[in-house]
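Chain by chain, the residues:
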Protein chains: 2
Amino acid sequence: RMIKQVLIGVLCGAAVLTAGILIGHFGITMSSAPSWVKDVAKDVDESLIEKFLSEVDNIQIQENLRSLTKVPHMATTAGDEQTVQLMLKRWQDPETGLDQAWREEFMVYLSFPDPKKPNKVTVGDPSDEVLYTAREKEKTYTSDQDDPEVVQPYAAYSPAGHPKGKLVYANQGKPSDYQLLNNTVDLRGTIAITRYGGAGRGAKAINAAPYGVIGVLVYTDPLDINDGLMSDINETYPHSWYMPPSGVERGSFNGQFGDMLTPYLAAKEETYRIPAENITGIPPIPIQPIGFEDAYRLICSIALGNLFVSIPCCFILLNLNLFSSDVKLDIFNYEEKKNSSNVMGVIKGSVEPDRYVIYGNHRDSWVHGAIDPSSGTSVMLELTRVLGKMVKQGKWRPRRSIIFGSWGAEEFGLIGSAEYTEQYFTKLSERTVAYINVDIAVFANATLRASGMPSLQKIIFKAAKQVDAPGLDSTSVYDNWIQYSNRTSQANGLIPNVGYLSGAGSDYAAFVHYLGITSMDISYTYDRSKTNARIYPAYHTAYDTFDYASKFIDPGFVSHQAIARTAGNVLIRLADSLLVPLNCSDYAETLEDYLNTARVKSLPEGCTADLCLVSEPLKRAVASFRSAATHLDQVIRSSDLANETPLTVRRINDQLMLLDRAFLDPLAFPDKYAYRHVIWASSSAGKPTFPGLADAFANAESQSSAWDKVHYHLSVLSQAIEGAAHTLADEH
Amino acid sequence: RMIKQVLIGVLCGAAVLTAGILIGHFGITMSSAPSWVKDVAKDVDESLIEKFLSEVDNIQIQENLRSLTKVPHMATTAGDEQTVQLMLKRWQDPETGLDQAWREEFMVYLSFPDPKKPNKVTVGDPSDEVLYTAREKEKTYTSDQDDPEVVQPYAAYSPAGHPKGKLVYANQGKPSDYQLLNNTVDLRGTIAITRYGGAGRGAKAINAAPYGVIGVLVYTDPLDINDGLMSDINETYPHSWYMPPSGVERGSFNGQFGDMLTPYLAAKEETYRIPAENITGIPPIPIQPIGFEDAYRLICSIALGNLFVSIPCCFILLNLNLFSSDVKLDIFNYEEKKNSSNVMGVIKGSVEPDRYVIYGNHRDSWVHGAIDPSSGTSVMLELTRVLGKMVKQGKWRPRRSIIFGSWGAEEFGLIGSAEYTEQYFTKLSERTVAYINVDIAVFANATLRASGMPSLQKIIFKAAKQVDAPGLDSTSVYDNWIQYSNRTSQANGLIPNVGYLSGAGSDYAAFVHYLGITSMDISYTYDRSKTNARIYPAYHTAYDTFDYASKFIDPGFVSHQAIARTAGNVLIRLADSLLVPLNCSDYAETLEDYLNTARVKSLPEGCTADLCLVSEPLKRAVASFRSAATHLDQVIRSSDLANETPLTVRRINDQLMLLDRAFLDPLAFPDKYAYRHVIWASSSAGKPTFPGLADAFANAESQSSAWDKVHYHLSVLSQAIEGAAHTLADEH
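On a predicted model such as this, the values are computed, not experimentally measured, just so you know.

Turning our eyes to something else, we now look at the sheet that holds strand E10 (residues 287-290) of chain B. All names here are of chain B. Reading across from one edge, E6-E7-E8-E10 is the order of the four strands in this open sheet, with parallel pairing throughout. The strands lining the two open edges of the sheet, one partner per strand, are strand E6 (167-169) and E10. Each strand of the sheet is rotated relative to its neighbour by a mean of 25 degrees, with strand direction disregarded. For strand E8 (residues 215-219) and E10, the ladder comprises four bridges, and the chain directions are parallel. Bridging across to E10, Tyr 219 finds its partner in Ile 290. Docked against the sheet, helix H9 (residues 292-302) engages E6, strand E7 (191-195), E8 and E10, running at close to 125 degrees with respect to E8.

Let us look at the interface of chain A and chain B. Chain A puts 75 residues into the contact, and the matching count from chain B is 75 residues. Both faces considered, chain A and chain B share a buried interface measuring about 6,200 Å² in area, 63% of it formed by carbon and sulfur atoms. Inspection of the region where chain A meets chain B yields six salt bridges. The closest approach of N and O atoms between Arg 355 of chain A and Asp 654 of chain B, which form a salt bridge, is 3.7 Å. Viewed at the interface, chain B and chain A are joined by 24 residue pairs in polar contact (both at pLDDT 80 or more). Classifying every residue of the side of chain A that touches chain B gives 34 nonpolar, 20 polar and 21 charged.

A few words on the pairing of E8 of chain B. Residue and element names in this part refer to chain B. In terms of burial, E8 is a largely internal element, five of the five residues being buried. Both faces of E8 are covered, namely the face carrying Gly 215, Leu 217 and Tyr 219 and the face carrying Val 216 and Val 218. Of the pairings in the sheet, the one linking E7 to E8 comprises five bridges and is parallel in character. The residue bridging Ile 191 from the neighbouring strand is Gly 215, located in E8.

Moving on: the relation of the copies chain A and chain B. Superposing chain A onto chain B takes a rotation of 180 degrees combined with a translation of 0.0 Å along the rotation axis, leaving an RMSD of 0.0 Å. On this basis, the relationship between the two copies can be described by a two-fold rotation axis. Both copies contact each other with a shared surface, as 100% of the interface residues of chain A are interface residues in chain B too.

Further remarks concern the domain arrangement of chain A. Residue and element names in this part refer to chain A. Annotation of chain A at the domain level lists domain 1 (2-32), domain 2 (46-110 + 352-576), domain 3 (114-332) and domain 4 (584-728). Here domain 3 and domain 4 have C-alpha centroids that lie 40 Å from each other. A buried area of about 480 Å², summed over both sides, lies between domain 3 and domain 4, and 64% of it is on carbon and sulfur atoms. Looking only at domain 3, the three residues that lose the most surface to domain 4 are Gln 256, Phe 257 and Tyr 264, adding up to 92% of its buried area. Viewed at the interface, domain 4 and domain 3 are joined by two residue pairs in polar contact (both at pLDDT 80 or more). Tallied by class, the residues present in the side of domain 3 that touches domain 4 amount to three nonpolar, two polar and no charged.

Between its first and last C-alpha, helix H18 (residues 558-576) of chain A extends 26 Å over 19 residues, near the 27 Å set by a 1.5 Å rise per residue. For H18 of chain A, a buried count of 18 out of 19 residues is recorded, marking the element as mostly surrounded by other parts of the structure.

The next point concerns unusual backbone geometry. The residue after Asp 372 of chain A, namely Pro 373 of chain A, is reached through a cis peptide bond having omega 10 degrees. Examined against the element boundaries, Pro 373 of chain A turns out to sit in the loop between strand E13 (352-362) and helix H11 (374-392). Of note, the bond from Tyr 237 of chain B into Pro 238 of chain B is cis; its omega dihedral lies within 30 degrees of zero at 10 degrees. One can find Pro 238 of chain B in the loop between helix H8 (222-225) and strand E9 (251-252). Phi at Phe 557 of chain A takes a positive value of approximately 60 degrees, unusual for a residue other than glycine. Tracing the sequence through the fold places Phe 557 of chain A in the loop between helix H17 (546-553) and H18.

With that settled, consider the pattern of salt bridges. The full count for this structure, using the stated rule, is 72 salt bridges over all chains. A salt bridge links Arg 534 of chain A to Glu 249 of chain A; its shortest N-O distance comes to 2.7 Å. Highlighted residues: Arg 534 of chain A in the loop between strand E19 (519-525) and H17 and Glu 249 of chain A in the loop between helix H8 (222-225) and strand E9 (251-252), separated in sequence by 285 residues. A relative accessible area of 3% means that Glu 249 of chain A is categorised as buried. A salt bridge links Glu 589 of chain B to Arg 487 of chain B; the shortest N-O distance between them is 3.7 Å. Residue Glu 589 of chain B is found in helix H19 (residues 584-597), and its partner Arg 487 of chain B is found in strand E17 (residues 486-489); the two are separated by 102 residues along the sequence.

This part is about the packing of aromatic side chains. All chains considered together, the criterion is met by 92 aromatic pairs over all chains. Arranged with centres 5.8 Å apart and planes meeting at 40 degrees, the rings of Tyr 264 of chain A and Tyr 514 of chain A form a pair that is tilted. In this pair, Tyr 264 of chain A sits in the loop between E9 and strand E10 (287-290) while Tyr 514 of chain A sits in helix H16 (residues 508-514), placing the two residues 250 residues apart along the sequence. The buried category is assigned to Tyr 514 of chain A, whose relative accessible area is 7%. Through successive ring pairs, a cluster of aromatic residues spans Tyr 141, Tyr 237, Trp 241, Tyr 242, Phe 443, Tyr 526, Tyr 536, Tyr 539, Tyr 543, Tyr 548 and Phe 552 of chain A. Positioned over the ring face of Phe 106 of chain B is Lys 268 of chain B, at 4.6 Å from the centre of the ring.

Conventions and cut-offs
Residues numbered from 1 in each chain as written. Chains lettered and ligands numbered in written order. Predicted model: local features only at pLDDT ≥ 70, side-chain atom pairs only at ≥ 80, totals over all residues. Heavy atoms only, no water. Pairing = 2+ DSSP bridges. Helix = DSSP H or I, 4+ residues; strand = E, 2+ residues; numbered from the N terminus. Axes fitted to C-alpha atoms, helices over the stretch in contact; angles between N-to-C directions. Contact = heavy atoms within 4.5 Å. Buried area = accessible area lost by both parts, 1.4 Å probe. Salt bridge = Lys/Arg side-chain N within 4 Å of Asp/Glu carboxyl O. Polar contact = N/O pair within 3.5 Å; in protein donor to acceptor, adjacent residues only side chain to side chain. Nonpolar A, V, L, I, M, F, W, Y, C, P; charged D, E, K, R; others polar. Buried < 20%, exposed > 50% of the residue type's maximum accessible area, 1.4 Å probe, protein only. Least-squares fit on C-alpha atoms with pLDDT ≥ 70 in both. Domains from an automatic or database assignment. Expected span 1.5 Å × (residues − 1). Phe/Tyr/Trp six-rings, centres within 6.5 Å; stacked < 30°, edge-to-face > 60°. Lys NZ or Arg CZ within 6 Å of the ring centre and 35° of its normal.

Structure below.
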């Protein structure tokens, strides 16, 4: 009975205790945590990153590249449409695709040669008998070059025309080149032959026209691209990565980005278009690119002027028959408005779907484009396969949304990405945390190269440390990189050197300059101790093929794999970290470096009396920025973000996300289309410093009335940097 | 013993149960809710609003006004500094002040008459003997007018000069007035006399100069301001609210807002300034305002030209001595850069301190400024007293931060508020939910008047329904208002008419046009069946005093109280509601009304062939906006926002906050300083529709090449409205 009583007592006690627990747990409902409390505090999962890294497969990338490069896919051609379909199929795959994928079309202004009337470069005698004709197409080494869709080499946006005149050699076609030449030769009515490099493509013609030059040729010099090698018998492709003698770099010869007829407006069918004659920054006279074989023959035989050209075998190429003959260009290029497609895909964010991380690359090439851009597209497709599979299997969904963009018509002037930013300007400005651009993923297989806003530097380093360097045992991409390119940072010691995105070399341009979105661009690149090539030698030629890429650029596709892993690692961290991984103190260091390089210290020399004091606000602004960055970093360190209200981390994340937006000034550069970021705009200054200020200084040296512009840019900069400091600060 | 056992059992059971409850409640820590879960879900407290309404005190407002109007407080004078100190003292009061208050100075370009050489208007005979001199100062009725700090009537930014010539009467100084006059009179070398109204102040001189007019006078006609009454013996102040015969409206004669030397830059000491000769929009010839007594004498005696002036007693005023004499202006105005102060105060938000609701009013007046602006300042001080007390007592802290701005130098061209928006552009753009402007709080005591973005309409209605109409039994401000001014809305039925902020009449201008911040402006105003006065008759005169306000505008200060209650109610709701109370469907209705009023339907008449189809995108954009608004409202209705993750309501709030920002285009109006909002920009169209498009249509009627501009604005608008629709939509 005693036992029974005890047993009953214990059972009753247990029951009462259980009831109590239940009441305590569920009864006091006010204090039980809603299910979302855990979700909103979740940080990036390191084991998921490991899984991602292990799943990125070099052979998949290789096969992606093989599929993408079957046929040439110049923008808006049938081959381009095949790649659109390929992207859509992959991104809509029920097992490895994204949440959604679709195409978006823009009607954009392009320029093509006429397949029925190919452009010609000939040498004729006075009676117009043709003595010599330059090649119309590149020489065939593999069947790729025989594809009828290989576009003839041409200069996009060169006007049509038939100029004829004496040939003059004008070096790189820089203003100084024409000026020098004009001292000894009357340039009126001449055709100038120039080599790539030194000046922008279109600039070679724009610089020439004021001297009366009526046509321009451009070629790639073997010293600039082939480390001097020239022979296709045993030196150039298919024997190596070097450019064969008939290879020609195609390209867009316009000077701004985005569709030229619809500035600041998305190029829809009914959109207002400026008259074509109002377009600026395109060649005013016909220009045509040719191979160095033809170029050398022309230069050695007939070019006038300063002939200190390092052509070792000029005496062999000399053709006395041609002497004193005229060169004639017959250019039949025409412009056309055509529909170009972006392919877009999205993985919707779980906790903050209204925050975007964008990853993009263009899809269009000049010919087969194995390296440019399909190396990047192959990497992007492998990223989306691995991430898409995790999403479809229900194993993962990022905190923020990830948007993938496969841009169209980049080769004609970054058109697809620029139109995208124009159409979605507001939404992208408000919601985008960062943009990652991987265009050419692999230029060469030696080392990582990265450019971007300084705030992204640390997350790139973190990612690069977790990836094995291709072809090296137990060395990380980071450890390898720091050996090739490094600098000493006051705060961070010896670190790899991350470049700045101050130009418009790829699709990051509209994101950086027009939208002010924190951006980066990465690739694998050269060992500069082994080559001086301006760029990989098959760039924009008919030799940029799968064969070329797989044999000479990245056999085994391990550098592609390293880029996919590094870029993907950064992407996941940007999308999934509780705290947006952007470091504002590293931005402060860059502004301080800029200030040290800027000539504000020596302002009194040559400046007007009023102006001598006005550099103080810029110094104060940089100091404000540093102090706000230090404070915000302190707040971050001392916060327990996972346990505070999610509005606290959202607030800090917004400060970091909007930091670059604070540097936008739509009126600071009235002559530079869509350049609004006062820190990263392009400039003629050869060194990293405030671009508008540097250009204003340069002008003030020659014109004392231009000191006003220096003062103006000091005020614009001070206000923008103070504004960025306000973005980082809490106070009102 | 039995009892004892039972007692022990019960006690043990209770102890075990308690232990269980404690274990259940605290032991299972994973699921216990953090303390902030309740805070982040808190909505506006209706009982707090009731308490606020009951505490707003008319006598406090009266005493505020008495203190503020002791002396004249024109911008940057000693009187202005007294009001700065008053604001700071109140806002820093430990018991009824704000969390923080401080002053911010800008060095701004102002224009003053010279006290040592007063401006003169005289009539002289050919030998320069002075036959008649207009009054230099207004006549004294109360001691207020004797204050030596009463500034002489003048036209700010009129150049100095001494023009002399025949007088011509030019009606309102509109372009059409001068054109008509020019048909019968050679205007070269004349002085034009004009009346206020019809054209902007400065425009009366700008329009005159091309005809060779060398000086301008301007006066306020009794028909426009006094319902025709003219005699100070028994009709005008101090017998009524009407303007005495010597009363003169002062004013700024510039045409843009903000400091004119520092466009788009905050006017700090070292800021770059444009050369003063590059300023546009100011009078190119001297101009001076005078009283109607002097004006009538001059007009009746000597004015040439079209004399169909309704001056009933012209024969009495006729002075034959003056006949055929010249009028001479001696204007000694000078410009000076002076420090002007904004006084800022803040109540820091509890949950979302990084979201701002801004409430502002200017502090500077022309003379004593009892109505303009001190009626508004008195109301603002009462608001901050009541809210500040609740904060200091720990009874309340708003969810979002509230910023109060007491702007300087508004009368010279909205300068203080414009410089503030330039200095803090980034932060304000990113974080401001809405701006509330209460400048003149009470024009008259008949009815509420409100203007603002349509998205604010419903919250103004809600607030107005909770406030008793002054002087009426059991009638709300809303019920009274709807009787005076109403319209029928398709969605909302009969509602009070809320105006649009398409001009730049007060400090909302920079917030609306430059920043794209959702804004409103409210006041108590006239019964239009009782007066046709263009504005309250003492406006900008030496009679706008405490005596005038308390006797004729709002005896008992009950209309002031009603404005304080209504504006404060809106302010609390904007700052404290869980969901930001902005209604996007009401915005859609306005865009649809705009579209119906725009001439896009009749586009084919006169348009070029290409253009006839291009209005479709605008129609589609308005439809997209409507559909996105309907969807968002649906999402809001179907959400349980208080119980979802706070990031959900934050996302929706961001969509609503940023809606107006989507309509900004910094390039749409290159000729209109700081006008960027494509829906609300000023326009010459007399009706509410898309401003850029309406102006382009008007030009295209006279010039067929201007159809391009119509097409351009159609594209700009379509893209902006689509962008706003994207802001409201979730999808990517």
